[in-house]
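The chain contents come next:
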Amino acid sequence: MFSGSMDILVIESPNGLYKSSSFHVRFGSLKVIKSKEQEIEIFVNSKKTNVTMKLSSSGDAYFQYDESCPQINQQNLYDKEIKENLKEKDDLLKNDYNLFKKKYKSFFPSSNQIKELNLKPGQNEICFVCRTSSSGIQTLKSSIYLWPHNSKIVISDVDGTITRSDVLGQVLPIIGGDWTHEGVAELFTKITKQGYKILYLTSRAIGQSSMTKKYLDSLIQEKKSLPPGPLIMSPDGVFTSLKREVIERKPHLLKIPVLSELKNLFPQDSKPFYAGFGNRETDGVAYRYLDIPLNNIFIIDTSSRVLRLGETQKSSYKLLADKVEEIFPLIDN
């Protein structure tokens, strides 16, 4: 429940430098956290790399740099740019972003470290290994994706968007139930065949990463599965994440800073986010903040009816799949 690792997105810039999203890796075992042996080994596609991380007293893995390291300066630039973008926005959003960055701001590897991971284009398996004399070998696995800088991304929320309910979508997979919107696998598969990348975004906590990945990987509708893509989650604890998603109903307070971080992986002035799927008005707010065109934002309700913002007539995933070539023109990669 408390251990987990988030998927990672890496973008190669036109100048050959690599930028990555945050490496959020959390070991929840008290024996591991209290151990004096706090180095985390990293394996990519089953091969050990020369890149390592350290383990904090809270169980979060992190990279360690000297203050003069260019990576620290680069992260400061990321922070400054995002904060400037938030100047005209709600104070609550600015405060939430500051809290997010204060707790998780040293999880970025340098470009040289990313190169040493020897990533292949597309999806790679990454494994974080902690070896201690008290509890043996502890491992966490996730995926790390290497995408080109000119990628066009379609964002999909998970709970309420792939599943038909925010709450039941989290509970039913545990007890073996299914609560998904019909036609989502076919639609997303057709979208990727047009050349777009799918990115899954959820307010679920990092401790639910393994369960959520297994659920998405196992979802099959009419012999079609969901296409692979990074699963970006909340780095917060389970109860904090559940409160924000289900009780406060303010998931956009997480999604805006997270998506802003991802946008900063791409060249300046580029618009990597092409479309977004969600189930709440707040999802539309987050997507519009990231400059996604109004008519490329799709909001689905609990009856599986889809509203394309800017239009009045509701559709469905199956009907959208029939018009996918019109809505998502073929990209010449």
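These remarks concern the structure in this document. (Residues numbered from 1 in each chain as written. Predicted model: local features only at pLDDT ≥ 70, side-chain atom pairs only at ≥ 80, totals over all residues. Heavy atoms only, no water.)

### Let's talk about the overall build of the protein chain
Counting its regular elements, the protein chain contains 12 helices and 18 strands. Looking at the protein chain as a whole, 54% of its 333 residues qualify as buried. For the protein chain, restricting intrachain contacts to residue pairs at least 6 apart in sequence, the fraction spanning at least 24 positions comes to 68%. Roughly 16,000 Å² of accessible area belongs to the protein chain as shown, and the carbon and sulfur atoms make up 50% of that amount. (Helix = DSSP H or I, 4+ residues; strand = E, 2+ residues; numbered from the N terminus. Buried < 20%, exposed > 50% of the residue type's maximum accessible area, 1.4 Å probe, protein only. Contact = heavy atoms within 4.5 Å. Areas by Shrake-Rupley, 256 points an atom, 1.4 Å probe, with all protein chains shown as cover.)

### Some thoughts on empty space enclosed by the protein
Scanning all chains against the criterion turns up 3 cavities of 30 Å³ or more. By volume, the largest cavity is sized at about 80 Å³. Every residue lining the largest cavity is counted, 11 residues in all, and those nearest its centre are M6, S22, I232, V258 and E261. (1 Å grid on protein atoms, 1.4 Å probe; cavity = no way out; pocket = protein on both sides within 12 Å on 5 of 7 lines; lining within 4 Å. Points joined across faces, edges and corners; volume = space filled by probe spheres on them.)

### Some remarks on the sheet that holds strand β9 (residues 136-148)
Taken in spatial order, the 7 strands line up as β3-β2-β9-β8-β5-β6-β7 in an open sheet, and their pairing is mixed. The sheet is open, and its two borders are formed by β3 (18-20) and β7 (61-62), each paired with just one other strand. Relative to strand β6 (residues 47-55), strand β5 (residues 39-44) runs antiparallel, the two sharing 5 bridges. Considered in β6, the bridge of F43 is made with K48. (Pairing = 2+ DSSP bridges.)

### Quick look at the sheet that holds strand β10 (residues 153-157)
Taken in spatial order, the 7 strands line up as β14-β11-β10-β15-β16-β17-β18 in an open sheet, and their pairing is mixed. Edge positions in the open sheet fall to β14 (231-234) and β18 (314-315), since each of these has one partner strand only. Bridge analysis of strand β16 (residues 297-300) against strand β17 (residues 306-308) gives 3 bridges, and the strand direction is antiparallel. Directly across from F298, in β17, lies its bridge partner R308. Contacts from helix α6 (residues 184-193) reach β10, β11 (197-205) and β15 (273-278), with the element oriented near 135° to β11. Relative to the sheet, helix α10 (residues 281-289) contacts β10, β15 and β16, its axis offset from that of β16 by approximately 170°. (Axes fitted to C-alpha atoms, helices over the stretch in contact; angles between N-to-C directions.)

### A look at the nonpolar core
With 54 residues, the main nonpolar core has F188, I191, F277 and F328 as its most contacted residues. Among residues more than four places away in sequence, those in contact with F328 are V154, I191, Q194, Y196, Y274, A275, F277 and F298. Counting 22 residues, the second-largest nonpolar core is a separate cluster that includes F27, L117, L119 and L140. (Core = buried A, V, L, I, M, F, W, Y, C linked by side-chain atoms within 4.5 Å.)

### Observations concerning the pattern of salt bridges
Applying the stated rule across the entire model yields 14 salt bridges. In this structure, the salt-bridge partner of R131 is E41, at a minimum N-O distance of 2.8 Å. Of this pair, R131 sits in strand β8 (residues 122-132) while E41 sits in strand β5, placing them 90 residues apart in sequence. Since its relative accessible area comes to 39%, R131 is described here as partly exposed. (Salt bridge = Lys/Arg side-chain N within 4 Å of Asp/Glu carboxyl O.)

### Brief notes about the side chain of S142
Looking at the secondary structure, you find S142 in strand β9. For S142, a relative accessible area of 6% translates into the label buried. Separated by 3.4 Å, the side chain of S142 and the backbone oxygen of M6 make a polar contact. Apart from the residues lying within four places of it in its own chain, the contact partners of S142 are S5, M6, D7, N124, E125, I126, F128 and K213. (Polar contact = N/O pair within 3.5 Å; in protein donor to acceptor, adjacent residues only side chain to side chain.)

### Examining the packing of aromatic side chains
Throughout the structure, instances matching the rule amount to 11 aromatic pairs. Ring-pair connections join several aromatic residues into one group, and the members of that group are F188, Y196, Y274, F277, F298, Y317 and F328. (Phe/Tyr/Trp six-rings, centres within 6.5 Å; stacked < 30°, edge-to-face > 60°.)

### A short note on α6
The element α6 is extensively covered by neighbouring structure, given that 7 of its 10 residues are classed as buried. What α6 keeps buried is the set V184, A185, E186, L187, F188, T189 and I191. Following α6 by one or two positions, G195 has its phi on the positive side, about 105°.

### Focus on the environment of F27
You can see F27 is positioned in the loop between β4 (25-26) and α1 (30-34). Residues F27 and V129 lie 102 residues apart in sequence; the distance between their C-alpha atoms is 9.9 Å.

### Regarding the side chain of S111
Within the secondary structure layout, S111 lies in helix α4 (residues 111-115). Judged by relative accessible area, which is 12%, S111 ranks as buried. Reaching out from S111, the side chain makes a polar contact with the backbone nitrogen of Y18 at a distance of 2.9 Å.

### Description of the pairing of strand β2 (residues 8-12)
Of all 5 residues in β2, 4 are buried, a share of seventy percent or more. As paired elements, β2 and β9 share 5 bridges and run parallel to each other. Residue pairing in the sheet places I8 in a bridge with I144 of β9. Relative to β3, β2 runs antiparallel, the two being bridged by 3 bridges.

### Here we look at α10
All of the buried residues along α10 are T282, D283, G284, A286, Y287 and Y289. D291 sits one or two positions beyond α10 and adopts a positive phi of about 70°.

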